[in-house]
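# Topology and contacts: notes
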Amino acid sequence: KEDIITLAIESSCDETACAILKNGREVLTNIISTQIETHKKFGGVVPEVASRKHIENIDIVVQEALDESGLGFDDITHIAVTYGPGLVGALLVGLSYAKSLAFTLNKDLVGVNHIEGHLSANYIEHKDLKPPFITLIVSGGHTHLVEVKDYGVYEILGKTKDDASGEAFDKVARALGLGYPGGPIVDQMAKKGNPEAIDFPRACLHENDYDFSFSGIKSSVLNYLNSMKMKKKEVVVEDVCASFQAAVVDVLTQKAIKACKDKGYKTITLSGGVAANSALREKMSELCKKEGLDLKYPPMILCTDNAAMIGAAGYYRYINGRRDGMDLNAVPNLKI
Ligand code: KG4
Ligand code: ZN
């Protein structure tokens, strides 16, 4: 049987990325050009600036991926590209590039949902992982608890009713003056703090569903900071980070484990930028061990945005017969 070589492109937010995969799970090359330094001074991603940066970088990133893999365009079986969800201008850069490649090279085009990409990062790292399983997708834009019934067959069990978990990390970091992106900094600061110092609310924890809410936790951190300021009391930033993180992690872990047990599955996977969080990984490992569940998560580099995960998702779509035409458009609010 001939190998299937996937060239994948991702440009939905602030990373311009290209990866090349063999048979969906073997990453030959994974090039990521991040714009974090550019957006840092604005305290968050500026959509217009992101689009311009993608235009500057896309060609370089694709060429680098080909060079590093030692492959040429002739060796590519199909092109996979993120077409949503994400920033429309940013998505359009990668999508237009992918479409022109597919058209000129006469290769099949497969559009990929970015959220499906995130969960597919686990297929790369864990070669024996097969559906069905429960997955918790936690990123800057999404917080989804999903039942993966088969490749490409999903049922959303729950999601956030307001802010995404990563968004809460970013907003709390901003309020503490810690910079962007907030997740990694809060994670580091929390290591030196006491997670029981402040009792932030665990929203939705005792409700009998799988939905989340993080804007309440974020607001109570802001209220706490304001009240400390009014009282002219000193804020221990490390304690705020540790206590906030503990509240978020508590809700995420307990709901994910409940879903896994309720549905009778044995495996939980984590994915998305927040899956890089050390407290989430630790707490989840501890609870899964206690419950006899198998926990899997990708390495850090495959948690945050990358094209390898898009390639893995695109490969399964491809072998399941999905093809897209030149009319494929960017869908900023695409659902999984
Ligand atoms: O998956 P991702 O790169 O982009 C989206 O699709 O949204 O996720 C980025 C998000 C940011 O909100 C960032 O603060 C968060 O992931 N993040 C973390 C950590 N590393 C990244 N959050 C908590 N702890 C971390 N170590
Ligand atoms: Zn993402």
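Below: a short report on this structure. Residue numbers run consecutively from 1 along every chain, following the written order of its sequence. Written order decides the labels, with chains lettered from A and ligands numbered from 1. Local features in this predicted model are restricted to residues of pLDDT 70 or higher, and side-chain atom pairs are both shown and tallied only at a pLDDT of 80 or more, whereas totals for entire chains, interfaces and linings draw on every residue. To obtain the side-chain values, all non-hydrogen atoms of the structure were used and water was disregarded.

## A short note on the sheet that holds strand β7 (residues 143-150)
Note on pairing: DSSP must find at least two bridges between two strands before they are called paired. By the criteria applied, helices consist of DSSP H or I runs no shorter than four residues and strands consist of E runs no shorter than two, each listed in order from the N terminus. Ordered by their spatial adjacency, 5 strands build an open sheet running β8-β7-β6-β9-β10, and the pairing between neighbours is mixed. With one partner strand each, in any of the chains shown, β8 (153-159) and β10 (294-296) form the two edges of the open sheet. Neighbour to neighbour, the strand axes of the sheet diverge by 25° on average, direction disregarded. Sheet analysis places strand β6 (residues 133-138) next to strand β9 (residues 267-271), joined by 4 bridges and oriented parallel. If you follow L136 over to β9, its bridge partner there is L270. In this analysis an axis means a line fitted to C-alpha atoms, helices contributing only their contacting stretch, and an angle means the value between N-to-C directions, from 0 to 180 degrees.

## Focus: the environment of L302
Note on placement: L302 falls in helix α10 (residues 300-303). Exposure is judged per residue with a 1.4 Å probe applied to protein chains only, and the accessible area is read against the type maximum: over 50% gives exposed, under 20% gives buried, and values in between give partly exposed. Note on L302: relative accessible area 6%, which makes it buried. Expressed as a C-alpha distance, the spacing of L302 and V251, which sit 51 residues apart in the sequence, is 23 Å. In this structure L302 touches N30, A121, I124, A308 and M309, once residues within four positions along its chain are discounted. Any two residues having at least one pair of non-hydrogen atoms within 4.5 Å are treated as being in contact.

## Some points on the sheet that holds strand β1 (residues 5-10)
Backbone-to-backbone hydrogen bonds join strands into a sheet, with any given pair of strands oriented parallel or antiparallel. The sheet built from 5 strands is open, its strands ordered β3-β2-β1-β4-β5 with mixed pairing. Strands at the two margins of the open sheet, each flanked by one partner only, are β3 (26-34) and β5 (108-113). Shown here is a sheet whose adjacent strand axes are inclined to one another by a mean of 20°, direction ignored. Helix α2 (residues 47-69) rests against β1, β2 (15-22) and β3 of the sheet, and its axis sits at about 25° to β2.

## Remarks on the packing of aromatic side chains
For this analysis, a ring pair means two rings from Phe, Tyr or Trp (six-membered ring only for Trp) whose centres lie within 6.5 Å, classed as stacked if their planes differ by under 30 degrees, edge-to-face if by over 60, and tilted for the remaining angles. Taken as a whole and judged by the stated rule, the model has 8 aromatic pairs. When the ring of Y151 is compared with that of Y316, the centres are 3.9 Å apart and the planes differ by 5°; the resulting orientation is stacked. With Y151 in the loop between β7 and β8 and Y316 in helix α11 (residues 308-319), this pair connects stretches of sequence that are 165 residues apart. Both residues of the pair, Y151 and Y316, count as buried. Geometrically, the ring pair formed by F200 and Y224 is edge-to-face, given 6.0 Å between the ring centres and 90° between the ring planes. Of this pair, F200 sits in the loop between α6 (182-190) and α7 (215-230) while Y224 sits in helix α7, and the two are 24 residues apart along the sequence. Chaining the aromatic ring pairs together yields one cluster made of Y123, F133, Y151, Y315 and Y316.

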